[in-house]
Structure formats: C-alpha cells, structure tokens
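Summary of structural features
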Amino acid sequence: MLDPKRIRSEPDALAKRLRVKKFDLDVRKLTQLEEQRKILQLETEELQNKRNSKSKQIGIAKKSSMDITEVLVEMEVVKKELEAKKVKLEALQAELSTY
C-alpha cells in the first residue's frame, strides 16, 4: 500500500520506482488531480464555515425575535452549493484512489 502523503510529496521519485515494477505513473495527471482535490477541499471547507456562521446568525436572530427569512434563503443556497461540492470532491477522491 502506498502512503498518500508520500505520493503527494514525492510523485517523481515514486514514478521512477514504479517503473522498475513495470507500472507507468502519469505524474502530470496525478499532480493535476491532486491540485483539483485541494481546491475543492478548500471550497468545501469555506462553505461549511459559511453554513456554520449562518446557523449562528439564525440562532441569534431567533433569540432576539428578528426576521430570519433572508438568512434562511442564504443558508439554502449555501447548502446546495456545499452538497454539489461534496459530490464533486467525493468523485475526485474516488478517481484519485483508483488511480
């Protein structure tokens, strides 16, 4: 089993060692997939933080009897974006793990 951290940190050295075993590792494709994963991971985390922030706003607004419809609409948009990003991230991680 290959260590994911090592794959990310030393892809060229790994490709060289795998060639001995008659396995051709496309380092460029691997690097590209890893960069896409990092971007999606960051976007997903940002949306999760945004969702958490909106949840706190809802709680505070409810306590002070304020109107929360606008925050709820924003929350729904964030929720849909987050679900879409999670699906993309899972698909990309699956592609990376099978590669």
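In this report, we go over the structure that sits alongside the text. Just so it is clear, the structure is predicted and the values come from calculations on it, not from any experiment. (Residues numbered from 1 in each chain as written. Predicted model: local features only at pLDDT ≥ 70, side-chain atom pairs only at ≥ 80, totals over all residues. Heavy atoms only, no water.)

Considering the packing of helix 3 (residues 27-63) against helix 4 (residues 69-98)
- Interhelical geometry of helix 3 versus helix 4 gives an angle of 155° and a closest axis separation of 9 Å. The angle between helix 3 and helix 4 falls in the class roughly antiparallel. Viewed along their axes, helix 3 and helix 4 form a crossing whose handedness is left-handed.
- A class-by-class count of the residues in the contact of helix 3 with helix 4 yields 13 nonpolar, seven polar and 13 charged. (Axes fitted to C-alpha atoms, helices over the stretch in contact; angles between N-to-C directions. Helix = DSSP H or I, 4+ residues; strand = E, 2+ residues; numbered from the N terminus. Parallel < 35°, antiparallel > 145°, perpendicular 65-115°, else oblique. Left-handed = near helix turned anticlockwise from the far one by under 90°. Nonpolar A, V, L, I, M, F, W, Y, C, P; charged D, E, K, R; others polar.)

Considerations on the environment of Lys 22
- Inspection of the secondary structure assignment puts Lys 22 in the loop between helix 2 (11-20) and helix 3.
- A relative accessible area of 76% means that Lys 22 is categorised as exposed.
- Taking the C-alpha atoms as reference points, Lys 22 and Ala 94, separated by 72 residues in sequence, lie 24 Å from one another. (Buried < 20%, exposed > 50% of the residue type's maximum accessible area, 1.4 Å probe, protein only.)

Structural notes on helix 4
- Compared with an ideal rise of 1.5 Å per residue, which puts 30 residues at 44 Å, helix 4 spans 44 Å between its outermost C-alpha atoms and is within 8% of the ideal.
- Of all the positions in helix 4, only Val 71, Met 75, Val 78, Leu 82, Leu 89, Leu 92 and Leu 96 are classed as buried. (Expected span 1.5 Å × (residues − 1).)

A short note on unusual backbone geometry
- One non-glycine residue, Lys 22, adopts positive backbone phi at about 65°.
- Here the phi dihedral of Ser 65 falls at roughly 55°; this positive angle occurs in a residue that is not glycine.

Section: the side chain of Thr 44
- Within the fold, Thr 44 resides in helix 3.
- Within polar-contact distance, the side chain of Thr 44 engages the backbone oxygen of Leu 40 at 2.8 Å. (Polar contact = N/O pair within 3.5 Å; in protein donor to acceptor, adjacent residues only side chain to side chain.)

Quick look at the layout of surface pockets
- Considering only enclosed or pocket space, the largest pocket measures out at about 460 Å³ in volume.
- Forming the walls of the largest pocket are 18 residues, and the residues nearest its centre are Pro 4, Ile 7, Leu 30, Leu 96 and Ser 97.
- Mapped by element, the contributors of at least two residues to the lining of the largest pocket are helix 1 (4-9), helix 2, helix 3 and helix 4.
- For the lining of the largest pocket, the per-class residue count stands at eleven nonpolar, four polar and three charged. (1 Å grid on protein atoms, 1.4 Å probe; cavity = no way out; pocket = protein on both sides within 12 Å on 5 of 7 lines; lining within 4 Å. Points joined across faces, edges and corners; volume = space filled by probe spheres on them.)

Fair warning: the whole summary comes from geometry, so function is off the table for now.
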